[in-house]
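Each chain, letter by letter, is given below.
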Amino acid sequence: MRLHPSFALLRFSQRTSAQRSYTNPCHSRPLTFVTTDVIPSYRKGFSCSTTVASNKMSSSEGLIASLYNASVRTPETPSRVPEDISSKSHHAKCRKGFQNPWPSTRLDKNYCGGYHGKAIEDTVPPVVAPQFPKSRSTKSKEFRATWLGHACFYVEFPGGLRALFDPVFSQRCSPVQFMGPKRVTKMPCDIKDIPAIDIVVISHNHYDHMDYNTIMELKKCHPNVWFFVPLGNKSWFTSSGIPNCAEMDWWEERDLVLSPADSESAAKLSESSKEGKKAGEITARIGCLPCQHTSNRGLHDRSSTLWSSWSVESGGKKLYFAGDTGYRAVPKVPDGVDDYGEEFKDLPVCPAFKQVGELRGGFDLGLIPIGAYWPRWFMSPMHASPYDSVRIFVETKCKKAIGMHWGTWVLTDEPVMEPPVVLKEALKKDGIAEEGVFDVLDIGESREY
Ligand SMILES: [Zn+2]
């Protein structure tokens, strides 16, 4: 079958696990804006959520049924930024678009973000039906992450914020649904099963992270949800009929305040809570951070929009979402040669993660990619191996992490179930416990932190 040109697929000779072993394994723009909108974060009888429609809420949960006014603004007291931020070295100088400003990137000229792997699919991760709370309380102390496959997570923050990361709820991660990589695991749920979503955070515009059909469904079910996207992506959202979109450069931040808008809740707003914020309010700080990747949705738009990792802090918990990233470009080495061996110890690593750790670190949880890494000589500039992922985990100063970007679509050549196995080897090599620190979940599984 002739494949869509957007995929410009490069095929490598197919490997089997027997044939190989894994050997190695800007300154902040002075932009200030306030937008107020009404977010129906949880509605009784909400047509897009049959689950929600059938639930009765107790009086203590009454606030959940409120509409929220959303305010998104640049913080008056921003977090620390790198000293050289004004150089904007990641903004391409000779063309429109962006670049990775580090020697740790050696982008293969053929790389277009559309590589199709032929990994072994005989085993795949288990899929369980996610259990979402039927209601939320702004007094909740729960910090819970649910893996919805690939890079998609649903995170419930203490205090009530509900965030969705890189949602793709389509069968194929492709410009079209009749060809392109098809899921090897079932979707754990539909968008309509998720009772509340306040923000959607997108790492970049590749099809396995930003999907038009999914975003249209989100718009239908949660019409006033806010999208946070890296620079250059806002026009895509605007032209898709989505005005609630904050576009950000690396190191920029926004403060989000969700205030109950109905009359009963508004009365409560006159009372100040002990934490200094108004009763019933949900607050969050969202930060756009660097990572090493690229972007494109067609053949002629490579790196024209920015890619990023993200921090989200709300209710006293801080999350790092690494997005899609490489860490260290490695050369082609024969099978059996360790590309983290002595010979390669001086290969440059992406300095962004250390900087994120120093300036913004101390994350309660990191969501870090561990898959789509083989062949290393080709994928390493853009996709971390589990050995790289453990370095990212350490350097960004995450206390715990969950591995993502695996087990959902076959995009590269490693066997589907290999990333978690190699992750354990990498943790052991770094003297980190193999379980309980940087784990993987079943698709649809939740864990509290
Ligand atoms: Zn990507």
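As recorded in an unreviewed UniProt entry, the chain goes by Metallo-hydrolase/oxidoreductase and comes from Morchella conica CCBAS932.

## Some thoughts on the environment of Lys-141
Relative to the helices and strands, Lys-141 is located in the loop between β2 (68–73) and β3 (144–147). As for Lys-141 and Lys-317, which are separated by 176 residues in sequence, their C-alpha atoms are 9.5 Å apart.

## A short note on the nonpolar core
Formed by 104 residues in total, the largest nonpolar core has its most connected members in Phe-153, Val-201 and Phe-227. Tallying contributions element by element places strand β10 (residues 282–289) first for this core, with 5 residues. With residues up to four places along the chain from it excluded, the contact list for Val-201 reads Ala-163, Phe-165, Phe-228, Trp-310, Val-312 and Phe-321.

## Points about helix α7 (residues 386–395)
With 9 of its 10 residues buried, α7 lies for the most part within the structure. The complete set of buried residues in α7 reads Pro-386, Tyr-387, Asp-388, Ser-389, Val-390, Arg-391, Ile-392, Phe-393 and Glu-395. Along its buried surface, α7 packs onto α5 (352–360), β13 (365–369), β14 (401–404), α8 (418–429) and β15 (438–439). Remark: Lys-397 follows α7 within two positions and exhibits a positive phi of approximately 60°.

## With respect to the packing of α7 against α8
A pair of packed helices is characterised by two quantities: the angle between their axes and the separation of those axes. In contact at an axis separation of 8 Å, α7 and α8 are set at 55° when each is read in the N-to-C sense. When the axis of α7 is compared with that of α8, the two are oblique. Like other packed secondary-structure pairs, α7 and α8 cross with a definite hand, here right-handed. Where α7 abuts α8, its residues Pro-386, Tyr-387, Ser-389 and Val-390 lie against Pro-419, Val-422, Leu-423, Ala-426 and Leu-427. Taken together, the residues that form the contact of α7 with α8 break down as 8 nonpolar, 1 polar and no charged.

## A closer look at unusual backbone geometry
Here the bond from Trp-374 into Pro-375 is cis, since omega is 5°, no more than 30 degrees from zero. Relative to the elements of secondary structure, Pro-375 occurs in the loop between β13 and α6 (376–379). One non-glycine residue, Asp-166, adopts positive backbone phi at about 40°. If you trace the backbone, Asp-166 turns up in the loop between β5 (162–165) and β6 (199–201). Exposure remark for Asp-166: the 27 C-beta atoms within 10 Å place this residue in the buried category. Notably, Lys-397 is not glycine yet its phi reads approximately 60°, a positive angle. With respect to the helices, strands and loops of the structure, Lys-397 is situated in the loop between α7 and β14. The class of Lys-397 is partly exposed, set by 17 C-beta atoms lying within 10 Å.

## Looking at the confidence of the model for the chain
In this model, the chain carries an average pLDDT of 82, and 78% of its residues clear a pLDDT of 70 or more. Here residues 269–274 scores under 50 on pLDDT; set against residues more than four positions off or in separate chains, the count is 9 contacts.

## So, the pairing of β14
Judged by which residues are buried, β14 turns out to be covered on both faces: Ala-401 and Gly-403 on one side and Ile-402 and Met-404 on the other are all buried. Of the strand pairs in this sheet, β13 and β14 are connected by 4 bridges, and their pairing is parallel. Along β14, the bridge assignment pairs Gly-366 with Ala-401. For the crossover from β14 across α8 to β15, the handedness is right-handed.

## What about the sheet that holds strand β8 (residues 245–248)?
To summarise the sheet geometry, strands pair through backbone hydrogen bonds and adopt either a parallel or an antiparallel arrangement. One open sheet holds the 7 strands; their spatial order is β8-β7-β6-β5-β4-β3-β16, and the pairing between them is mixed. Taken across any chain shown, the strands that pair with only one partner, and hence form the sheet edges, are β8 and β16 (446–448). Averaged over all pairs of adjacent strands, the angle between their axes in this sheet comes to 20°, without regard to strand direction. Here strand β7 (residues 226–230) runs beside β8; their pairing, made up of 4 bridges, is parallel. Looking at β8, one finds that Phe-228 is bridged to Ala-246.

The rules behind each value
Residues numbered from 1 in each chain as written. Predicted model: local features only at pLDDT ≥ 70, side-chain atom pairs only at ≥ 80, totals over all residues. Helix = DSSP H or I, 4+ residues; strand = E, 2+ residues; numbered from the N terminus. Core = buried A, V, L, I, M, F, W, Y, C linked by C-beta atoms within 7 Å. Buried ≥ 20, exposed ≤ 12 C-beta atoms within 10 Å, placed from the backbone. Contact = placed C-beta atoms within 7 Å. Axes fitted to C-alpha atoms, helices over the stretch in contact; angles between N-to-C directions. Parallel < 35°, antiparallel > 145°, perpendicular 65-115°, else oblique. Left-handed = near helix turned anticlockwise from the far one by under 90°. Nonpolar A, V, L, I, M, F, W, Y, C, P; charged D, E, K, R; others polar. pLDDT = per-residue confidence, 0-100. Pairing = 2+ DSSP bridges. Right-handed = clockwise from strand over helix to strand, strands pointing away.

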